[in-house]
Amino acid sequence: MKTFDAIKADLASGAATCVQVTRQYLDAIERQKDLNAFLAVFPERTLSQADLIDKKIAAGTAGPLAGMVIAVKDVICMQNERVSCGSKILKNFISLYDATVIRRLQDADALLIGKCNMDEFAMGSSTENSAFGRVKLPQDRDRVPGGSSGGSAVAVTSGMSTASLGSDTGGSIRQPAAFCGICGLKPTYGRVSRYGLVAYASSFDSIGPFALTVKDIASVLQVIAGYDPKDSTSADIPIPDYNSSLTRNVRGLRIGLPKEYFGSALNEEIKSSVEKSIDILRKNGAIIKEVSLPHTEYTIAAYYILATAEASSNLARFDGARYGYRSDDADTLSAMYVKSRSEGFGPEVKRRIMLGTYVLSSGYYDAYYRKGQKVRRLIQQDFFEAFNEVDCLITPTSPTTSFKAGEKMDDPLQMYLSDIYTTSANLAGIPGISIPCGNDSKGLPIGLQIMGPQFGEPLILRIADFLEHQK
Ligand code: GLN
């Protein structure tokens, strides 16, 4: 497994070409098919692109990501390729255009090798909700890689791509990064264009990278960040130089530990690993302070009310008329809608649509949706107040390490509760990164989360990079 720096060194010294690098990744994908991380692989297209980029490198005209091989979650559109969202309803749907992130990666000469498996419509925390079979954790194939971007996380952790793109609505980049032992960043809402990302919950969704190192995360973010006239929620704020923020110095930084995130739900081994990293920061001059996010206990409830409400609206467009799957056994228009949706969506997506429709329905709107919005504001306020006292927050990424496949499938509430430490960043619109922080006694990776204020990516990347270099 190589970092982008190592690949760049090989390319510069002539030890490898982009074509050879691509071949190695294609071989790794072929050898590890049983992990079920990919839904589509583009060998010819990627090899011919690699050949072109080798020529550009020789001519000195290559872009910043030349030689980086990237896998893309199958919820992000690539022109003329299928975008299934892990769903039967879009099984045969071909995208008409490129997402802005895809365009930007291509313009930077990254190589896009394939599309990754995921929980259907990004709903889930284990990648067991895919219509195309579950993704396996490479470290223990009976376990889950986390979700919903499980395929993208596995692609990186098992050497099938240098980096990958996922989407994070409530933790879907950070939690699989934690379960797989790699880095995953959910940027500030609006930092990266969502144009071409199939919507789950539009006010929460963000696209972000997975990689082996924080530096590689910074390199991808550098390319995909920025204003996009095609996404009215993207922010027109200058893009800092992320790599230059990796100063390896944490002296004087004020780091908050939200006391609500270290309570009894947290596994002891995870707690002590995270505390070890905190000690390292303290010894290196960071100021560690306990803070409170008093509305934490309402996070999961608010998230699952608001996200399902948005999902029920966003997924209304999949009705058999225009997109993807249409039942062929319907003789009236309304039967076509009902049958196409009943046959096309899986059980978790149906559960979310029904929950979302319920909380929006007249009579329940005030009790659930409106109240959920008010609670969201209080949760945001908790963070804004905490960031008056400290520069960033450190928490565990997930209350447990990877669990066994099937363990939570019959108990949606248990599955939802595993998002306890990640959904808050989406409710508040702030950035969060998960980095590896040791293993538990079973040898399973543990993740540490760093959250910062809006557009505080330089700071959280700096702390993450510092910790990465302490081993
Ligand atoms: N697990 C959460 C959910 O199912 C988050 C998913 C995500 O971030 N896409 O909603």
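Conventions and cut-offs
- Residues numbered from 1 in each chain as written.
- Predicted model: local features only at pLDDT ≥ 70, side-chain atom pairs only at ≥ 80, totals over all residues.
- Heavy atoms only, no water.
- Pairing = 2+ DSSP bridges.
- Helix = DSSP H or I, 4+ residues; strand = E, 2+ residues; numbered from the N terminus.
- Axes fitted to C-alpha atoms, helices over the stretch in contact; angles between N-to-C directions.
- Contact = heavy atoms within 4.5 Å.
- Near = heavy atom within 4 Å.
- Polar contact = N/O pair within 3.5 Å; in protein donor to acceptor, adjacent residues only side chain to side chain.
- Areas by Shrake-Rupley, 256 points an atom, 1.4 Å probe, with all protein chains shown as cover.
- Expected span 1.5 Å × (residues − 1).
- Buried < 20%, exposed > 50% of the residue type's maximum accessible area, 1.4 Å probe, protein only.
- Arc of directions from axis to C-beta.

A. Focus on the sheet that holds strand S3 (residues 111-116). Taken in spatial order, the 11 strands of this open sheet run S1-S3-S2-S4-S6-S5-S10-S11-S9-S7-S8, and their pairing is mixed. On the outer flanks of this sheet lie strand S1 (38-41) and strand S8 (287-291), each paired with one strand and no other. Adjacent strand axes in the sheet meet at a mean angle of 30 degrees, parallel and antiparallel pairs treated alike. Seen against the sheet, helix H7 (residues 214-224) touches strand S4 (163-168), strand S5 (183-186), strand S6 (206-211) and strand S10 (432-439) and runs at an angle of roughly 145 degrees to S6. Its contacts with the sheet place helix H15 (residues 457-468) against S5, strand S7 (254-258), strand S9 (392-396), S10 and strand S11 (445-451), and it is angled at close to 15 degrees to S10.

B. Seen up close, the site of the ligand. Contacts to the ligand come from 15 residues, most closely from Thr-169, Gly-170, Ser-172, Tyr-200 and Tyr-303. Here a nitrogen atom of the ligand and a side-chain polar atom of Ser-148 are 3.4 Å apart. In the model, an oxygen atom of the ligand is placed 2.6 Å from a nitrogen or oxygen of the Ser-172 side chain. Here the ligand has 290 Å² of accessible area as a free molecule, and 100% of this is covered by the chains.

C. Inspection of helix H3 (residues 43-59) at higher detail. If you check H3, its first and last C-alpha atoms are 24 Å apart, about what 17 residues at 1.5 Å a residue would give, namely 24 Å. When H3 is considered as a whole, its buried residues turn out to be Thr-46, Ala-50, Ile-53 and Asp-54. Mapping the buried residues of H3 onto a view down its axis gives an arc of 110 degrees, with all of them on the same face. Exposed positions of H3 whose direction lies more than 90 degrees from the buried face are Glu-44, Lys-55, Ala-58 and Ala-59. Along its buried surface, H3 packs onto helix H2 (18-31) and S3. After H3 finishes, the residue Gly-60 shows a positive phi value of roughly 75 degrees.

D. Just the side chain of Asp-231, in detail. Within the secondary structure layout, Asp-231 lies in the loop between H7 and S7. Residue class for Asp-231 comes out buried when judged on its relative accessible area of 6%. One polar contact links the side chain of Asp-231 to the main-chain amide nitrogen of Arg-194, over a distance of 2.8 Å. Among the polar contacts made by the side chain of Asp-231, one reaches the side chain of Thr-233 at a distance of 2.6 Å.

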